[in-house]
Structures are given as structure tokens and as C-alpha cells.
Amino acid sequence: MRKRIAILGSTGSIGTQALDIIKTHKDKFEVVALSAHKNIALLKEQMGDFKPEQVTITDTKCYNTFLKDNKYNITLNHGLDGLKEMISSIDIDIVLIAIVGVAALEIAHYILDQGIDIALANKECIVAGGELLISKAKDKGARIIPVDSEHSAIFQCLQGCEDDSDIKNIYLTASGGPFKDMDIDNLHNVTPAQALRHPNWDMGNKITIDSATLMNKGLEVIEAKWLFNLDIDRVKVVVHPQSIVHSMVEFIDNSIIANMGVPDMRLPILYAFTYPRRLDTDIELNLYEMGNLTFERPDMVKFPCLSLAYEAMRIGGSMPIALNAGNEIAVYKFLEGDIGFTTIPKMVEKAMNIHLRDLIHDPTLEQVLYIDKSIREQLV
Ligand SMILES: NC(=O)c1ccc[n+]([C@@H]2O[C@H](COP(=O)([O-])OP(=O)(O)OC[C@H]3O[C@@H](n4cnc5c(N)ncnc54)[C@H](OP(=O)(O)O)[C@@H]3O)[C@@H](O)[C@H]2O)c1
């Protein structure tokens, strides 16, 4: 029987790569639901190619535009309620969450509440609502299978590890981004076009900027803490510019297991769909032509976003919500040319300072959403 897959955020970088890999394994997978925010033209193409049972458009204006020209015989839903309706009314084996930003949190929580497995690409939702999602998954017996390449790598390295106490540290690899070797004094001149040129990965705009500031790695440290139930100081970052080693686990006997492959997101996406089995691909790493692999410490002075993420997690409670909200606002302001590159960490720090006096320990979903909204309002 084919696995029935829903893809939320099907029009983005992860969403389109997921559809690409599904296309090559049509005998194994069936796309039953898709969602897009604004890119209706691409959604229409995907509907033609994959014939899902339902689709959802989350942006209201785009939904209304689509309605005028809906010649498809497919149930069409709208907004967050529409996503929920779509998830609960069809039979789904796994949902790939490829939406960008904390906008994915509520629906991720809802899907787990339905007891449905998640293939999780979105990292902002677990940064803001880690405790909530992990405990919901546990309560409902649903799995959160990581898609982020580093977390997929750790997940793969841990197959066969029977006890968490065998783990000493995990090492998340970071490419270092496009400004790894730039002098710190020149960073304030960086333009959005330069920051969008990632050396190894082709990704959506928000994560590409996060990679340039190293906030992406900061968010991933928090994501790893939740997914693998580790103390934050046992989640380390190592800069590995070749992006061949996707991450590593160091065990208490000091041996290290690494996951390697070409930097291609279709591999971790496919593994999330096939776990615990695997399928053949043509995405092959040629060891003879790979060249040298290097590893170095991240520069947290030049890239303060990484240390802000550790700090937010050490403070704990609701602070990572402020970190994430501050970062989302700052990244979009940078992309629009409203602030400079080096103002991004300053805005994140400001968001954390604003939130310090309102810190709470175990925020409910409603509190997470409220804090996220109020931080955004105070920053604009
Ligand atoms: N790209 C990668 O290689 C990569 C790797 C690891 C992890 N991730 C994570 O995966 C997530 C997606 O990244 P991406 O690079 O694929 O982003 P992307 O290319 O910007 O795509 C984002 C997707 O989310 C949809 N979307 C945007 N705003 C939305 C909202 N408010 N509500 C619902 N849907 C919304 C977009 O729809 P429209 O396009 O129709 O507007 C699009 O389908 C991020 O959390 C990122 O950190 C990405």
C-alpha cells in the first residue's frame, strides 16, 4: 500500500523537493493533501501533477483569487481552520511540515493531537513550542521525524542506541555561511543579495539569511535539545564548510558516529517518509572526488545570534519564543532593506530584553502565540 502523505508548504523549497522525490517513487507514495500560502500558480501545477484529495490556501487574498478561477474538482480549504479541516477529514499517514516560521506551530500541535506522525522540516515551531510539541507527541503516540538535515543525521546516527545515557555530546555541523571569512568590520555593509548567496545549500529566503547570521544553527541547537532530550550544553556546533558531514553523535566511550552525504535535502526528506527503511536514490557521494573535510570552532563574537540562542535556551521558559519572534521580524526587515545585517542580532537581543520581565515557565499554546504576537508588535 502506498504511504499517504500531506505536504504543508508544498510551494516552498522543502515542499517542492519533497514532491520531486515523491515523483520518483510514485509506487510507494501518494500525495493526498497540499497547502500553499500565496503561490497559487505553483499550487495549481502541483494539483495537476499529483491530484491531491484536498488543498488549503492559507493567505486570504490568494484564496479569494483562487476561488474565482477554481476549475478543479478538489476540496479547497482556507486558512488555519482550513488546514485543520483538511488534516482531520482525510486519511493521512504522515504530514510534512514545510511551512516557514512560527506560523507552523498551531497546526503542528493540532496534527500531533490527532495522533498523526509529522516529518518536521520547520524549526521555528519547535523553538517556540518545543515542550508542547514533544509532550503532545508522547501523549498521543505520534512521531516527530526530523527532516532538518542535521537532526535527520543525528536521528540516523542514534538508530540502535538503546539508552540516552550512552550519548556524551552531539555535534551539529554548520557551513559557516557566506561570511565565514569576511572581516567583522565589513559585516555591516552586507546586502540582502549577498546574504542570499549560500555556498552549499539552495533554500528559502528566511533560512538562507538565518544561515548567514548563524541564527539557523542557534535555532537548530534548540531544536536538537528538544528532539533528542539533551541538556543544551551537550549540543555543540562545529563549522564544517564542505557540508558533507551532516552531524555527529559522540558517545561516552568517545567514539563518534557521523552521517555523510551530498548536501541535498531530498535525502533527509525521503528518510522521514521511509523510516525505518530506505529507498534507492541517485543522490550519490563520490568519496574519491570529495576532497578534504575540515572542522573548526564557530566564531560567536562575529556571529552573536548563535550565542543568543544558547542564552535564550539557558534562560529557558518562554525566552526562545522571544528569540524566534525577534529574529523573524529582523530577517524580514533586513530582506526589505529596512535594517542592516548587523542589526539582526541587535533586534533579537532587544526582543529578549523586552521579554525578560514577562518570562513564564511552561507556556501553554495560547501563551506561546500571545507572547510571539506581543513581541512582534513591540518591535515594529
Ligand atoms: N530549505 C531548506 O533546505 C531547509 C532545510 C532545513 C530546514 N528548513 C526549514 O523548513 C521550513 C521551510 O523552509 P523553506 O526553505 O522551504 O521555506 P520557503 O521556500 O520560504 O517556503 C515556505 C513555505 O511556507 C509557505 N508559507 C509561508 N508563509 C506561510 C504562512 N504564514 N502560513 C502557511 N504557509 C506559509 C509558503 O507558501 P507560498 O510559497 O505559497 O507563499 C511556502 O510553501 C523552514 O522552517 C526552514 O527553516 C528548510
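Here goes a summary of the coordinates provided. (Residues numbered from 1 in each chain as written. Predicted model: local features only at pLDDT ≥ 70, side-chain atom pairs only at ≥ 80, totals over all residues. Heavy atoms only, no water.)

## Comments concerning the pairing of strand S2 (residues 29-36)
And step 1. For S2, the buried fraction is high: seven of the eight residues fall into the buried class.
And step 2. Of the pairings in the sheet, the one linking strand S1 (residues 3-8) to S2 comprises six bridges and is parallel in character. Bridging across to S2, leucine 8 finds its partner in serine 35.
And step 3. In this region the chain leaves S1, passes through helix H1 (residues 13-23) and returns to the parallel neighbour S2; the handedness of that crossover is right-handed.
And step 4. Examined bridge by bridge, S2 and strand S3 (residues 54-57) share four bridges and lie parallel to one another. Bridge pairing in S3 links serine 35 to threonine 56.
And step 5. In this region the chain leaves S2, passes through helix H2 (residues 40-50) and returns to the parallel neighbour S3; the handedness of that crossover is right-handed. (Buried < 20%, exposed > 50% of the residue type's maximum accessible area, 1.4 Å probe, protein only. Helix = DSSP H or I, 4+ residues; strand = E, 2+ residues; numbered from the N terminus. Pairing = 2+ DSSP bridges. Right-handed = clockwise from strand over helix to strand, strands pointing away.)

## Examining the packing of helix H5 (residues 105-113) against helix H15 (residues 365-379)
And step 1. For the pair H5 and H15, interaxial distance at closest approach is 11 Å and the crossing angle is 170 degrees. The angle between H5 and H15 places the two elements in the roughly antiparallel class. Here Leu105, Glu106 and His109 of H5 lie close against H15, whose contacting residues are Leu365, Val368 and Leu369.
And step 2. Across the contact of H5 with H15, the residue classes break down as four nonpolar, one polar and one charged. (Axes fitted to C-alpha atoms, helices over the stretch in contact; angles between N-to-C directions. Parallel < 35°, antiparallel > 145°, perpendicular 65-115°, else oblique. Contact = heavy atoms within 4.5 Å. Nonpolar A, V, L, I, M, F, W, Y, C, P; charged D, E, K, R; others polar.)

## Concerning the sheet that holds strand S5 (residues 94-97)
And step 1. Spatially, the seven strands line up as an open sheet ordered S4-S3-S2-S1-S5-S6-S7, and their pairing is parallel. Edge positions in the open sheet fall to strand S4 (75-78) and strand S7 (144-146), since each of these has one partner strand only. Averaged over neighbouring strand pairs, the angle between their axes works out to 25 degrees when direction is ignored.
And step 2. Inspection of the sheet shows S5 paired to strand S6 (residues 117-120) by four bridges, in the parallel sense. Its bridge partner being in S6, valine 95 is matched across the sheet by isoleucine 118.

## A look at the site of the ligand
And step 1. Thr11, Ser13, Asn39, Glu124 and Asp148 are the nearest of the 24 residues found near the ligand.
And step 2. One nitrogen or oxygen atom from the main chain of histidine 37 is found 3.0 Å from an oxygen atom belonging to the ligand.
And step 3. With respect to the ligand, the backbone of glycine 204 contributes an N or O atom lying 2.9 Å from an oxygen atom.
And step 4. Notes on the ligand: free accessible area 900 Å², of which the protein chains cover 85%.
And step 5. Class assignment for the residues of the shell around the ligand results in 10 nonpolar, 10 polar and four charged. (Near = heavy atom within 4 Å. Polar contact = N/O pair within 3.5 Å; in protein donor to acceptor, adjacent residues only side chain to side chain. Areas by Shrake-Rupley, 256 points an atom, 1.4 Å probe, with all protein chains shown as cover.)

## Considering the pattern of salt bridges
Two side chains that carry opposite charge are able to pair once their charged atoms sit near each other.
And step 1. In the structure shown here, the tally under the stated rule is 24 salt bridges.
And step 2. Among the salt bridges present, the one from glutamate 30 reaches arginine 4, with a minimum N-O distance of 3.7 Å. Linking glutamate 30 in strand S2 with arginine 4 in strand S1, this pair joins segments that are 26 residues apart in sequence.
And step 3. Residue classification places glutamate 30 among the partly exposed positions, given a relative accessible area of 23%.
And step 4. Judged by its relative accessible area of 16%, arginine 4 falls in the buried class.
And step 5. Between lysine 84 and glutamate 106 there is a salt bridge; the shortest N-O distance is 3.7 Å. (Salt bridge = Lys/Arg side-chain N within 4 Å of Asp/Glu carboxyl O.)

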